Amino acid sequence: MANKSTKEPSEFREFAKELNESRRVEGELLKTFLYSLLSSIVVIGILYFTVFKSIYNFIPKYGFYIFFVVLTYSIIIPSIRQVRAYKRFACMSGMMIGMTSGMIAGFLPGFFIGATNGMFWGSVFGMSVGIILGIWNGKSCGIMGIMEGLMAGFMGGLMGAMSSVMMLNDNIRAASIVVFVISVVIMFALNYMIYKEMKSNERQLKESQFITIATSVVLTLITALFMVLGPRSAIFG
Amino acid sequence: MKNIWMIAIIVVIIVLFGAFFIRGSDSLSPVKNVLSSGQVQVVKLSVENGKYVMNPSEIRKGVTVRLEADMSKMPGCSKTIVIPSFNVRKSFTSEDNTVEFTPDKAGTFNIMCSMNMYKGTFTVLGEDGTKASYVEKASTSGTTGGSCGMSAGVSGGCGCGG
């Protein structure tokens with residue numbers, strides 16, 4: 001027991017060190033975050049100057065949520081790169097990866113869309129994104145991970161939208177920040193878990209940042225357009 | 001060392017992006033009480049049989065309305081009202097049970113709780129007192145007159161604060 005408690009911090013220190021190296025995929029996580037962030041900001045910038053700028057009250061109404069949507073995808077996408085780099089995981093790890101990815105990718109978009117478009121559309125959107133990303137990451141261990149991603153995306157999407165609608169008149173913005181910070185911690189913990197489980201394994205796939213950029217662009221584009229121009233429930237006018 | 005620069009760049013980008021997109025978001029606060037000046041129509045709001053009841057149910061266009069909620073008859077999530085047509089959104093408490101707004105169009109409009117469970121309607125008459133033919137389309141989602149899975153007329157909550 002004493003051994004374990006002294007071992008844990010050193011493993012985490014190793015992980016922190018790897019974040020600064022370029023030997024393993026962990027050394028690319030920050031770069032992936034930056035690529036995703038920049039891609040999403042470019043998409044939002046183009047949308048803003050072509051479509052959104054003319055919308056009355058756009059910034060006060062949607063600015064806060066769009067800002068967090070961009071950050072949301074930036075914290076989720078590095079884990080996709082990390083999972084793809086190792087390709088195959090043991091069932092237990094793969095299930096945890098599918099569940100975490102599906103849950104966070106469902107909850108946060110569901111939460112932000114729910115706050116602007118209502119519970120039904122927030123749920124539908126959150127479930128769609130959560131299920132797709134949950135399956136994508138969960139398939140690294142086969143059907144069990146796929147099932148886990150599917151279920152977590154389903155649950156996260158519903159819960160995210162429901163939570164935001166219930167908090168609409170009760171500090172929704174503060175709640176958004178709290179929820180986002182917790183999600184950042186969870187995604188970082190997932191990155192650490194993947195490192196811990198796979199540190200003795202070789203990297204299987206070394207790829208460019210094309211998937212990072214493409215995924216960020218597609219997700220940000222769809223989410224922003226859905227949030228601003230998409231359907232909404234009656235109470236959101 | 002290279003990561004310190006990357007982190008610094010990320011922080012700067014987030015701060016700049018955030019400063020641009022979050023500015024002015026305070027004006028989004030859901031309730032904007034209109035200061036009453038001159039004539040004010042006082043309307044009592046309560047929930048009866050799972051529906052919002054406004055008394056009187058007819059108000060005049062262009063005249064400020066002060067909606068006073070009877071908190072003893074406002075169970076669960078009915079305390080948070082939404083009137084989409086006039087951009088009114090308010091959570092009543094026992095200390096703050098009024099909201100003011102000025103109807104700028106005539107017709108029959110919907111009032112609902114923020115979860116679209118409790119519903120009701122009220123009529124805005126024209127400035128000359130005539131009734132307009134416009135009727136706002138009622139939302140089809142939610143339970144009619146119910147209260148979050150409870151039978152009509154039963155007071156209580158819905159797992160959302162009541």
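Small disclaimer: the values here were computed from a predicted structure and weren't measured.

## As for the overall build of chain A
Alright, step 1. The helix and strand tally for chain A stands at eight helices and zero strands.
Alright, step 2. Sequence-ordered secondary structure for chain A, helices as α and strands as β, is α-α-α-α-α-α-α-α.
Alright, step 3. Burial statistics for chain A: of 237 residues in total, 54% are counted as buried.
Alright, step 4. Counting only contacts in chain A whose residues sit at least 6 apart along the sequence, the fraction spanning at least 24 positions is 83%.

## Points about the overall build of chain B
Alright, step 1. Scanning chain B from terminus to terminus reveals one helix and nine strands.
Alright, step 2. Here chain B holds 162 residues, and the buried ones make up 28% of them.
Alright, step 3. The long-range share in chain B, meaning contacts at least 24 apart out of those at least 6 apart in sequence, stands at 70%.

## Things to note about the pairing of strand β5 (residues 80-83) of chain B
Residues and elements named next belong to chain B.
Alright, step 1. What you see with β5 is no split at all: Thr80 and Val82 on one side and Ile81 and Ile83 on the other are buried throughout.
Alright, step 2. Sheet topology note: the β5/strand β6 (residues 88-91) ladder contains four bridges and is antiparallel. By the bridge assignment, Ile81 is partnered in β6 with Lys90.
Alright, step 3. Taking the residues between adjacent antiparallel strands as the criterion, β5 and β6 are bridged by four residues, where Asn87 takes a positive phi near 55°.
Alright, step 4. As paired strands, β5 and strand β8 (residues 107-113) are joined by two bridges and run antiparallel to one another. Each bridged residue has a counterpart across the sheet, and for Val82 the counterpart in β8 is Met112.

## Considering the packing of helix α4 (residues 91-117) of chain A against helix α8 (residues 210-229) of chain A
What describes two packed helices is the angle between their axes and the distance between those same axes.
Residue and element names in this part refer to chain A.
Alright, step 1. Where α4 contacts α8, the axes come no closer than 9 Å and their chain directions differ by 20°. Between α4 and α8, the interaxial angle falls into the category roughly parallel. When the axes of α4 and α8 are compared, the crossing they make is right-handed. Along the contact surface, α4 presents Pro109, Ile113, Thr116 and Asn117, while α8 presents Thr223, Phe226 and Met227.
Alright, step 2. Of the residues assigned to the contact of α4 with α8, the class counts are four nonpolar, three polar and no charged.

## Some remarks on the nonpolar core
Alright, step 1. Ranked by internal contacts, the top residues of the largest apolar core, which has 97 residues, are Tyr65, Ile66, Phe67, Val69, Val70, Ile76 and Phe112 of chain A.
Alright, step 2. When residues no more than four places from it in sequence are discounted, the contact partners of Tyr65 of chain A are Phe112, Ala115, Thr116 and Met227 of chain A.

## Observations concerning helix α2 (residues 29-50) of chain A
Alright, step 1. Its 22 residues give α2 of chain A an end-to-end C-alpha distance of 32 Å, which sits within 8% of 32 Å, the value for a rise of 1.5 Å per residue.
Alright, step 2. If you check which residues of α2 of chain A are buried, you get Leu29, Thr32, Phe33, Tyr35, Ser36, Leu37, Ser39, Ser40, Ile41, Val43 and Ile44 of chain A.

## Thoughts on the confidence of the model for chain B
Residues and elements named next belong to chain B.
Alright, step 1. When pLDDT is averaged across chain B, the result is 75; 75% of the residues are at 70 or more.
Alright, step 2. Mean pLDDT per element in chain B: β6 is the minimum at 84, and strand β4 (residues 64-69) is the maximum at 90.
Alright, step 3. For the stretch residues 27-37, pLDDT sits under 50, and the model shows 17 contacts to residues farther than four places along the chain or on other chains.
Alright, step 4. Scored below 50 in pLDDT, residues 141-162 shows 54 contacts in the model against residues more than four places distant or in partner chains.
Alright, step 5. In the predicted complex, the global pTM is 0.70; the interface-specific ipTM is 0.80.

## Remarks on unusual backbone geometry
Residues and elements named next belong to chain B.
Alright, step 1. The omega angle of the peptide bond from Asn55 to Pro56 is 0°, so this bond is cis rather than trans.
Alright, step 2. Looking at where Pro56 falls in the secondary structure, it is placed in the loop between β2 (51-55) and β3 (58-60).
Alright, step 3. The phi angle at Asn49 is positive, at roughly 50°, despite the residue not being glycine.
Alright, step 4. Mapped onto the elements, Asn49 comes out in the loop between β1 (40-48) and β2.
Alright, step 5. The exposed category is assigned to Asn49, around which 11 C-beta atoms lie within 10 Å.

## Things to note about helix α7 (residues 172-198) of chain A
Alright, step 1. Helix length check: α7 of chain A (27 residues) gives 38 Å between terminal C-alpha atoms against 39 Å at 1.5 Å per residue, within 8%.
Alright, step 2. Those residues of α7 of chain A not exposed but buried are Ile172, Ser176, Val179, Ser183, Met187, Leu190, Ile194, Tyr195 and Met198 of chain A.

## Some points on the pairing of strand β9 (residues 119-125) of chain B
Residues and elements named next belong to chain B.
Alright, step 1. Of the strand pairs in this sheet, β3 and β9 are connected by three bridges, and their pairing is parallel. Note that in β9 the partner of Glu58 across the bridge is Thr123.
Alright, step 2. In terms of strand pairing, β8 meets β9 through six bridges, oriented antiparallel. Paired with Met112 across the two strands is Lys119, which belongs to β9.
Alright, step 3. Linking β8 back to β9 in an antiparallel pair, the connection comprises five residues, with Asn116 at a positive phi of about 65°.

Rules and cut-offs
- Residues numbered from 1 in each chain as written.
- Chains lettered and ligands numbered in written order.
- Predicted model: local features only at pLDDT ≥ 70, side-chain atom pairs only at ≥ 80, totals over all residues.
- Helix = DSSP H or I, 4+ residues; strand = E, 2+ residues; numbered from the N terminus.
- Buried ≥ 20, exposed ≤ 12 C-beta atoms within 10 Å, placed from the backbone.
- Contact = placed C-beta atoms within 7 Å.
- Pairing = 2+ DSSP bridges.
- Axes fitted to C-alpha atoms, helices over the stretch in contact; angles between N-to-C directions.
- Parallel < 35°, antiparallel > 145°, perpendicular 65-115°, else oblique.
- Left-handed = near helix turned anticlockwise from the far one by under 90°.
- Nonpolar A, V, L, I, M, F, W, Y, C, P; charged D, E, K, R; others polar.
- Core = buried A, V, L, I, M, F, W, Y, C linked by C-beta atoms within 7 Å.
- Expected span 1.5 Å × (residues − 1).
- pLDDT = per-residue confidence, 0-100.

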